[in-house]
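Coordinate analysis (summary)
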Amino acid sequence: MRRVQYERSGGPEVLEVVSVEAPTPGPGELLVRVEAIGVTLPVVRKVREPREPIALGGEIAGEVVAVGEGVTGYTPGYRVTGLVFGHGYADYALLSVAMASPIPDGASAVDAVALVRSGLVALGALDAANPKDGEAALVTAAASGVGHLAVQLARVRGAARVVAAVSDLAKADFVRDLGADQVVEYGQESWGDRVDYALDAVGGELLTPAVAALAPGGRLVAYSSGGGTIQAYDLLVGAKSVTGFQLALIARNSPNLYEHWRQELWQYFASGQLRPAVHAEFALDDATAAHAVVEARANLGKVVLIP
């Protein structure tokens, strides 16, 4: 089978496709014939980190072809999606049962990778903000794989006004079509009227204007891998707060909540309230091109690899 890997850190150009033996599922694992792979910014960033190469993981969807010892509830032929922590960029991948979720009838593998993992991050960050009906929301990286779902979920959860912050106003029509009332570009001096909560996927220097956009008592949820610093005084003067969100902690420590969110996402999808957008589908052999799009933040929605 084919697998995408890299032997030295760098940009998308370091990725290569190699031929390896298909893995064998161990206890509690599913062997999945992969039909779609979601490309995420955190994985793209890891390839550039000056460290030993890692096995490329991420969200996958496909058909179960074999199960490991102790597996119940899944048999060959089941369609599943879930997060793999290594060797997900491949024709076949091992998926832990704990991270697996059935794909309902009427949804494709591409729908699944565009919706589930990114949707779980968006919905979890939104819950962490404790939104109330009629509040105003701000979503940064609003055209990204997670951000475009967060814009829609904020509206579904009762936001009266949604502000979408993007790197380029060329993305404005896309996020407005998803339900954003106002679109701002990162470099603008003012982001307009204050909001009650902000979901930030960018971090770094963008944290300062995001906090400034909060009304007194406002809440910012940071779920970016981009780091950054917030001045305590900026929080004190407006009684503002910042919460960090990491989905992996929920998956490990609160599996019932994790599953509840998954079911909620599929319900929104089935009802038409949540529309995962796919920017482009790339062949597995074109993983370099897929990473380049995400690294440049040029995508409108999800970038997907198709083995």
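A short tour of the structure in this document, coming up. Keep in mind it's a predicted model, so treat the numbers as computed, not measured. (Residues numbered from 1 in each chain as written. Predicted model: local features only at pLDDT ≥ 70, side-chain atom pairs only at ≥ 80, totals over all residues. Heavy atoms only, no water.)

**A closer look at the pattern of salt bridges**
Worth spelling out the cut-off: Throughout this description, the term salt bridge denotes a Lys or Arg side-chain nitrogen within 4 Å of a carboxyl oxygen of Asp or Glu. A run of H or I in DSSP becomes a helix once it reaches four residues, and a run of E becomes a strand once it reaches two; helices and strands are each numbered from the N terminus. Only protein chains enter the calculation, and the probe is 1.4 Å; a residue is then buried if its accessible area is under 20% of its type maximum, exposed if over 50%, and partly exposed in between.
Summed over all chains, the structure comprises 13 salt bridges. Residues Arg2 and Asp285 are paired through a salt bridge, measuring 3.2 Å at the closest nitrogen-oxygen approach. With Arg2 in strand β1 (residues 2–5) and Asp285 in the loop between β14 (278–283) and α9 (287–295), the pair connects residues that are 283 residues apart, well separated along the chain. By relative accessible area, Arg2 is classed as partly exposed at 27%. A salt bridge links Arg157 to Glu264; its shortest N-O distance comes to 3.1 Å. Residue Arg157 is found in the loop between α3 (147–156) and β9 (161–166), and its partner Glu264 is found in helix α8 (residues 255–271); the two are separated by 107 residues along the sequence. Several salt bridges converge on common partners, so that one network encompasses Arg2, Asp91 and Asp285.

**Things to note about the nonpolar core**
Counted only if it meets this: We define a nonpolar core as any set of buried Ala, Val, Leu, Ile, Met, Phe, Trp, Tyr and Cys residues linked to one another through side-chain atoms lying within 4.5 Å. What makes two residues a contact is simply this: any of their non-hydrogen atoms within 4.5 Å.
Within the largest apolar cluster, 106 residues are counted, with the highest numbers of intra-cluster contacts made by Tyr89, Val175, Leu199 and Leu305. With 12 residues, the top contributor of residues to this core is helix α2 (residues 109–128). Among residues more than four places away in sequence, those in contact with Leu305 are Glu35, Ala36, Ile37, Val39, Tyr89, Phe282, Ala283, Leu284, Asp286, Ala287 and Ala290.

**Some thoughts on the environment of Val202**
Within the secondary structure, Val202 is located in the loop between β11 (195–200) and α5 (207–212). As for Val202 and His260, which are separated by 58 residues in sequence, their C-alpha atoms are 26 Å apart. When residues no more than four places from it in sequence are discounted, the contact partners of Val202 are Arg45, Thr140, Ala141, Tyr186, Ser224, Gly226 and Arg297.

**A few points about the packing of aromatic side chains**
How two aromatic rings sit relative to each other is set out by the distance from centre to centre and by the angle between their planes. Put simply, the test is: Classification of ring pairs uses Phe, Tyr and Trp, with its six-membered ring standing for Trp, and accepts pairs whose centres are within 6.5 Å; under 30 degrees between planes counts as stacked, over 60 as edge-to-face, and the remaining range as tilted.
Applying the stated criterion across every chain yields a total of 3 aromatic pairs. For the ring pair Tyr74 and Tyr78, a centre distance of 5.6 Å and an interplane angle of 75 degrees mean the geometry is edge-to-face. Among the residues examined, Tyr74 registers a relative accessible area of 10% and is labelled buried. In this structure Tyr78 comes out as partly exposed when scored by relative accessible area, which is 38%.

**Notes on the packing of α2 against α3**
As a reminder, the rule being used: Working convention: axes come from line fits to C-alpha atoms, limited for helices to the stretch in contact. Angles between N-to-C directions cover 0 to 180 degrees. Oblique is the label for any angle not covered by the other classes, which are roughly parallel (under 35 degrees), roughly antiparallel (over 145) and roughly perpendicular (65 to 115). By definition, turning the near helix anticlockwise from the far helix through less than a right angle yields a left-handed crossing, and turning it clockwise yields a right-handed one.
At their nearest, the axes of α2 and α3 sit 9 Å apart, and the two run at 55 degrees to each other. Considering the angle they form, α2 stands oblique to α3. As for the relative orientation of α2 and α3, their crossing is right-handed in sense. Contact residues: α2 offers Ala114, Leu115, Ser118, Gly119, Ala122, Leu123 and Leu126, while α3 offers Leu149, Ala150, Leu153 and Ala154.

**As for the sheet that holds β11**
Each strand in a sheet pairs with its neighbour through backbone hydrogen bonds, running either in the same direction (parallel) or in the opposite one (antiparallel). Put simply, the rule is: By this definition, two strands are paired if DSSP reports at least two bridges between them.
As summarised here, the arrangement of the 6 strands in space is β10-β9-β8-β11-β12-β13, forming an open sheet in which the pairing is parallel. Across the chains shown, the open sheet's two edge strands, defined by having one partner strand only, are β10 (182–185) and β13 (241–244). When strand polarity is set aside, the average angle formed by the axes of neighbouring strands in this sheet is 20 degrees. Bridge count for β9 against β10 is 4 bridges, and the pairing is parallel. In the strand pairing of β10, Ala165 is matched with Val184.

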